[in-house]
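# Structural features, examined
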Amino acid sequence: MHRAAQRIGLTGGIGSGKSTVARLLVARGATLVDADAIARQVTAPGGAAINEIARQFGSAAITAEGAMDRDRMRLLAFNDPAVRQQLEAIIHPLVSRESSRQYSQAVKAGSSCIVFDIPLLVESGRWRQQLDRVLVVDCSEATQIARVMARELGRGGWTREVVEKIIAGQASRAQRLGAADICIYNDGLSLEALGLQVAQLASRFGL
């Protein structure tokens, strides 16, 4: 009889290194269900959310290529909580449906560990009961800001104010840590040191 797959919720603030931890777990044999990638997929040209976004927010919310204008909608959502709720009401059910489909597929394929990479795991409040453990990747706010600004430098760059606004719009470190079953403190760690921590966790996750 197969052992049930472990369902690990992975979260962390922007710039925490969460995506790197996800990649390291996948390299160890985990199956990844990436909520952010699914959200990008449903808001890409021809995506399942596009028609409804255009209906509720107008053609200005859609780029010439037919995708959601992410920068425009991000700005609107940060400045108006009602817009954010409206947008989430369109996107989140689609992400949830596709996440469930990918999870079922992974279970059928015999995966022993399924990692749900969910940026807004703590904020949404609906994921916890679907998971066995929550893994939080944590670091200081100063480190978050430095990493995001360095990462965005080649893409036109975000100002410090924009990065701070994004961080303020996410759950606080205390809220995330309060929801954590396991925490990786990823501040000042080399990639090798981070890899060693993930390797120790992987054995606990049946990988």
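Residues numbered from 1 in each chain as written. Predicted model: local features only at pLDDT ≥ 70, side-chain atom pairs only at ≥ 80, totals over all residues. Heavy atoms only, no water.

Moving on, we come to the nonpolar core. One finds I53, F57 and I91 to be the most contacted residues of the largest nonpolar core, which totals 29 residues. Those elements giving two or more residues to this core turn out to be α2 (35-42), α3 (50-57), α5 (81-108), β3 (113-117) and β4 (133-138). If you tally residues by element for this core, the top one is α5, at seven residues. Excluding anything up to four places from it in sequence, F57 contacts M73, V83, Q86, L87 and I90. With 16 residues, the next largest nonpolar core counts V21, A30, I182 and I184 among its residues. (Core = buried A, V, L, I, M, F, W, Y, C linked by side-chain atoms within 4.5 Å. Buried < 20%, exposed > 50% of the residue type's maximum accessible area, 1.4 Å probe, protein only. Helix = DSSP H or I, 4+ residues; strand = E, 2+ residues; numbered from the N terminus. Contact = heavy atoms within 4.5 Å.)

Next up on the list: the sheet that holds strand β2 (residues 31-34). If you walk across this open sheet you meet the five strands as β2-β3-β1-β4-β5, and the pairing is parallel. Edge positions in the open sheet fall to β2 and β5 (182-185), since each of these has one partner strand only. The sheet shows a mean angle of 20 degrees between the axes of neighbouring strands, direction not considered. With four bridges connecting them, β2 and β3 associate as parallel partners. The partner of T31 across the bridge, within β3, is I114. Across the sheet, helix α1 (residues 18-27) lies against β1 (6-12), β2, β3, β4 and β5, angled at about 155 degrees from β1, the strand it touches most. Here α2 sits on the sheet and contacts β2 and β3; the angle it forms with β2, its principal contact strand, is near 50 degrees. (Pairing = 2+ DSSP bridges. Axes fitted to C-alpha atoms, helices over the stretch in contact; angles between N-to-C directions.)

Mapped onto the fold, A77 is located in helix α4 (residues 70-79). By relative accessible area, A77 is classed as buried at 13%. Remark: the alpha-carbon pair of A77 and L87, spanning ten residues in sequence, is separated by 7.9 Å. Apart from residues no more than four positions distant in its own chain, A77 is found in contact with V83 and R84.

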